[in-house]
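Report on the structure
For reference, the chains in residue letters:
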Amino acid sequence: MPLAMPEPESRALVNRGALADALRRFLPAAAVIDDAPSLRAYESDAFTLYRQPPMLAVLPQTTAQVARILRLCGELGVKVVPRGAGTSLSGGALPLADGIILGMARFNRVLEVDYANRCAVVQPGVTNLAISQAVAAAGFHYAPDPSSQIACTIGGNVAENSGGVHCLKYGLTTNNLLGLEVVLMSGDVVRLGGKHLDPEGYDLMGVLTGSEGLLGVVTEVTVRILPRPASARALLIGFAGNEAAGDCVARIIAAGIVPGGLEMMDRPAIHAAEAFCQAGYPLDAEAILICELDGPPVEVDDLVVRVEAIARAAGAVSLKASASEEERLRFWAGRKAAFPAVGRISPDYICMDGTIPRKALPQVLARMAELSAKHGLRVANVFHAGDGNLHPLILFDANEPGEAERAEALGADILRLCVEVGGVLTGEHGVGVEKRDLMGTMFNEHDLDQQMRVKCAFDPDGRLNPGKVFPQLRRCAELGRLHVSGGRLPFPDLPRF
């Protein structure tokens, strides 16, 4: 499927063979991939509607190698698309025909665990789940837990500001970062933060987190690790309608209760997940909530009673509280497996991502049902309901003429609806190419220009991940650059290495 990309500022000045030869002068031969069959593995990320093989792929192992690669590409006018595990659902790692893929999979080591300071220093290719596994024996964990945590990497989590089912209480990636090592397109290596809270100066970590690979390449991450809660119980609550489930979410939060996780699934998602992993979900329910409460046992038991009362008042038709750790994990197993489970009932699907105010959840669910009927496509809904982050799964068959286009049109209508009710285009998947042409529904021209000025401050020639996020690529000279000329860092007070 063709994708209209913004006009590049300039074409690469070297061909594939010459660039591969230049890279192999300082990289192992196997770290430079330039044959067509091998490059097929990099032609898309998890947003598979669009595919484009890169000019070549490079797999560095050290920060120094990343710096040399970026410096060389800058000198030669070659574009660079950073890539972690390729689990992006917005096309954030979609390659360019005249650019390289900078694969960070070989940065896969846990460098240090510091329990005294409650942090871990890891490379960006370490998977999200591996961090928790590395500290589990000491009773700690890394709180953000995207559904793809078995595969997604911490570098990609930083790029997209990923969340997960427990982000309501424990925050997104940005709330659990302490430090970053980043290589700029110039080849300069900078360190932000460290093991301490609240780093001094500009909040550049906040700028880089969620920047989708447009500003720099992360080569080291320092994350917070937390003690596991003393106890945790989950409630599985069934409802006769989506609106009642949405109302229950609002009532729980309004009561001042902050669950560890508060997730919602509708009937199609319930049935798909139950068939996939037998989690014990009520198949007669139109919607379910999974509400996890954690903390000291006495507090958890009290909260369970309070949430049960709220759920019944909201019209719950079934209610079950986990009586064991095994049962709690089983409740979550279905939610965690929802995406692969839906893959069994549809040849293809798009996993959307938008965020709305919690109070608008019943209204949005009703409107989404209307949109589904309008476009003639089924939608299975899986939500981080506690923080209003929606993940509608649009089911379609790419082999049927026109269905992929209808699926994209339905997705665009859902995202416009999110903005219309006071929400935003993305909660954790990023903009990438999927939502790029919808940015104008949320931002005006002046907003987008200011965002592009930040891009120019870090990457004045627009080499890092071009064609993503911004619907129109403006040259930095037109915007007025924020960076300091002469090859210096945009923020000269940052430490360089």
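All of these numbers come straight from a predicted model, not from anything done at the bench.

Here we take up the overall build of the protein chain. The helix and strand inventory of the protein chain stands at 16 helices and 19 strands. At 23 Å, the protein chain has a C-alpha radius of gyration in line with the 23 Å of a compact globule built from 497 residues. With the C-alpha coordinates aligned to their principal axes, the bounding extent of the protein chain is approximately 65 × 60 × 45 Å. Residue burial in the protein chain is summarised as follows: out of 497 residues, 57% are buried. The contacts in the protein chain between residues at least 6 apart in sequence include a share of 73% that link residues at least 24 apart. For the protein chain, the exposed area adds up to about 19700 Å²; of that, 52% sits on carbon and sulfur atoms. Between the mean site of the 47 positive side-chain charges and the mean site of the 57 negative ones, the protein chain shows a separation of 3 Å.

Here the focus is the side chain of His384. Here His384 shows up in strand 18 (residues 379-384). His384 gets classed as buried once you look at its relative accessible area, which sits at 2%. Setting aside residues up to four positions removed in sequence, His384 forms contacts with Gly164, Val165, Leu262, Glu263, Arg335, Asn389, His391 and Glu428.

With that settled, consider the packing of aromatic side chains. Under the criterion given, the structure shown has 2 aromatic pairs. Relative to Tyr50, the ring of Phe47 lies with its centre 5.8 Å away and its plane at 55 degrees, an arrangement referred to as tilted. Given the relative accessible area of 5%, Phe47 is considered buried. Owing to a relative accessible area of 9%, Tyr50 belongs among the buried residues under this scheme.

With that out of the way, let us pick up the state of the cysteines. Applying the stated criterion across every chain yields a total of 1 disulfide. Disulfide partner of Cys456: Cys476, at an S-S distance of 2.0 Å. Across the S-S bond linking Cys456 and Cys476, the dihedral sits near -95 degrees, which makes this disulfide left-handed. Of this pair, Cys456 sits in helix 15 (residues 445-458) while Cys476 sits in helix 16 (residues 476-479); the two residues are 20 residues apart in sequence, bridging distant segments of the chain.

The pLDDT averaged across the protein chain works out to 91; a share of 94% of its residues lies at or above 70. Counting contacts from residues 1-10, a segment whose pLDDT is below 50, to residues more than four positions away or on other chains yields 29 contacts. Low pLDDT, under 50, characterises residues 481-497; the stretch is placed with 35 contacts to residues that sit more than four places away or in other chains.

Right, let's get into the pairing of strand 5 (residues 110-114). By the bridge criterion, 4 bridges tie strand 5 to strand 6 (residues 119-122) in an arrangement that is antiparallel. Bridge pairing links Val110 to Val122 in strand 6. Hairpin connection between strand 5 and strand 6: a loop of 4 residues separates the two successive antiparallel strands, and Arg118 in this loop has a positive phi of roughly 50 degrees.

Turning to the layout of surface pockets, a few remarks are in order. A water-sized probe rolled over the atoms picks out the places where empty space is left. As a volume, the second largest pocket reaches approximately 620 Å³. Along the wall of the second largest pocket there are 27 residues; nearest its centre are Thr209, Gly210, Ser211, Glu212 and Gln451. Secondary structure elements with two or more residues in the lining of the second largest pocket: helix 5 (154-160), helix 7 (204-208) and helix 15. At 3 residues, helix 15 tops the list of elements feeding residues into the lining of the second largest pocket. Each residue belonging to the lining of the second largest pocket can be placed in one class, and the counts come to 13 nonpolar, 10 polar and 4 charged.

On to the sheet that holds strand 5, then. Ordered in space as 5-6-10-8-9, the 5 strands form an open sheet in which the pairing is antiparallel. Two strands close off the open sheet at either side, each with one partner strand: strand 5 and strand 9 (189-193). Neighbour-to-neighbour, the strand axes of this sheet turn through a mean angle of 10 degrees, independent of strand direction. Two strands pair when backbone bridges link them, and strand 8 (residues 177-183) and strand 9 are joined in this way by 5 bridges, in the antiparallel orientation.

With that settled, the discussion passes to helix 4 (residues 128-135). Those residues of helix 4 not exposed but buried are Asn128, Ile131, Ser132 and Val135. Looking down the long axis of helix 4, one finds its buried residues gathered within 95 degrees of arc, a one-sided arrangement. Packed against the buried residues of helix 4 are strand 5, strand 6, strand 7 (140-141), helix 5 and strand 10 (217-224).

Leu180, Val221, Met264, Leu293 and Leu361 are the most contacted members of the largest nonpolar core, which totals 91 residues. Top contributing element to this core by residue count: helix 14 (residues 403-420), with 9 residues. Dropping the residues within four chain positions of it, Met264 is found in contact with Asn242, Ala245, Gly246, Ala287, Ile288, Leu289, Leu361, Leu365, Asn381, Val382, Phe383 and Ala385. By size, the runner-up hydrophobic cluster in this structure holds 28 residues, among which are Cys73, Leu102, Met104 and Met185.

What follows is about the packing of helix 8 (residues 242-254) against helix 13 (residues 361-375). When two helices pack together, their arrangement is captured by the angle between the axes and the distance separating the axes. Relative orientation of the contacting elements helix 8 and helix 13 amounts to 155 degrees, with a least axis distance of 8 Å. One finds that helix 8 runs roughly antiparallel with respect to helix 13. Once helix 8 is placed against helix 13, the crossing between them reads as right-handed. Along the contact surface, helix 8 presents Asn242, Glu243, Gly246, Asp247 and Val249, while helix 13 presents Leu361, Pro362, Leu365 and Ala366. Of the residues assigned to the contact of helix 8 with helix 13, the class counts are 5 nonpolar, 2 polar and 2 charged.

Moving on to the pattern of salt bridges. Tallied over the full model, the rule gives 25 salt bridges. The partner of Lys320 in a salt bridge is Glu327, with the nearest N and O atoms 3.1 Å apart. Overlapping salt bridges, with partners in common, bring together Arg40, Glu43 and Arg51 in one network.

Read across the open sheet, the 4 strands follow the order 1-2-4-3; overall the sheet is mixed. Strand pairing shows two members of the sheet lacking a second neighbour, strand 1 (32-33) and strand 3 (79-83), which therefore form its edges. Here strand 1 runs beside strand 2 (residues 56-58); their pairing, made up of 2 bridges, is antiparallel. Residue pairing in the sheet places Val32 in a bridge with Val58 of strand 2. Each of strand 1, strand 2 and strand 4 (99-103) touches helix 1 (residues 16-24); the most contacted strand, strand 2, lies at about 10 degrees to it. The strands touched by helix 3 (residues 63-76) are strand 2, strand 3 and strand 4; relative to strand 4, the strand with the most contacts, the crossing angle is about 170 degrees.

Rules of the game
- Along each chain, the written sequence defines residue order, and numbers are assigned to residues from 1.
- The predicted origin of the model limits local features to residues at a pLDDT of at least 70 and limits the giving and counting of side-chain atom pairs to 80 or more, whereas totals for whole chains, interfaces and linings rest on all residues.
- Side-chain measures were taken over the full set of non-hydrogen atoms in the model, leaving aside hydrogen atoms and water.
- Going along the chain from the N terminus, every DSSP run of H or I of four or more residues is numbered as a helix, and every run of E of two or more is numbered as a strand.
- C-alpha atoms define the radius of gyration, and 2.2 Å times the number of residues to the power 0.38 defines the globule rule.
- Think of it in three bands: with a 1.4 Å probe and only protein chains considered, a residue is buried below 20% of the maximum accessible area for its type, exposed above 50%, and partly exposed in between.
- Residues are treated as being in contact if the distance between any of their heavy atoms lies within 4.5 Å.
- What sets the accessible areas is the Shrake-Rupley method with a 1.4 Å probe; for residues, cover comes only from the shown protein chains.
- His is not counted, nor are the chain ends, whereas Lys and Arg count as positive and Asp and Glu as negative.
- The location of each charge is read from NZ of Lys, CZ of Arg, CG of Asp or CD of Glu.
- Ring geometry is summarised as follows: Phe, Tyr and Trp rings, the Trp one being its six-membered ring, pair when their centres sit within 6.5 Å, and such pairs are stacked at plane angles under 30 degrees, edge-to-face over 60 and tilted between the two.
- The term disulfide is used for any two cysteine sulfur atoms that are within 2.5 Å.
- The predictor attaches a confidence to each residue, and that confidence, scored 0 to 100, is pLDDT.
- Strand pairing is defined by DSSP finding a minimum of two bridges between the two strands.
- Here a cavity denotes grid points, spaced 1 Å and computed from the protein atoms alone, that fit a 1.4 Å probe unable to get out, and a pocket denotes an open set having protein on both sides within 12 Å along at least 5 of 7 lines; residues with an atom within 4 Å of a point are the lining.
- Grid points are joined across faces, edges and corners, and a volume is the space filled by probe spheres set on the points.
- Three classes are used, and their members are as follows: Ala, Val, Leu, Ile, Met, Phe, Trp, Tyr, Cys and Pro are nonpolar, Asp, Glu, Lys and Arg are charged, and the others, Gly among them, are polar.
- Only the stretch in contact is used when a helix axis is fitted, and all axes are lines through C-alpha atoms; the angle between N-to-C directions ranges over 0 to 180 degrees.
- This arc is built from the directions going out from the helix axis to the C-beta atoms.
- Put simply, buried Ala, Val, Leu, Ile, Met, Phe, Trp, Tyr and Cys residues joined by side-chain atoms within 4.5 Å make one nonpolar core.
- The labels follow the angle: roughly parallel below 35 degrees, roughly antiparallel above 145, roughly perpendicular from 65 to 115, and oblique for the rest.
- Crossing handedness follows the turn of the near helix against the far one: under a right angle anticlockwise gives a left-handed crossing, and clockwise gives a right-handed one.
- What makes a salt bridge here is a side-chain nitrogen of Lys or Arg within 4 Å of a carboxyl oxygen of Asp or Glu, nothing more.

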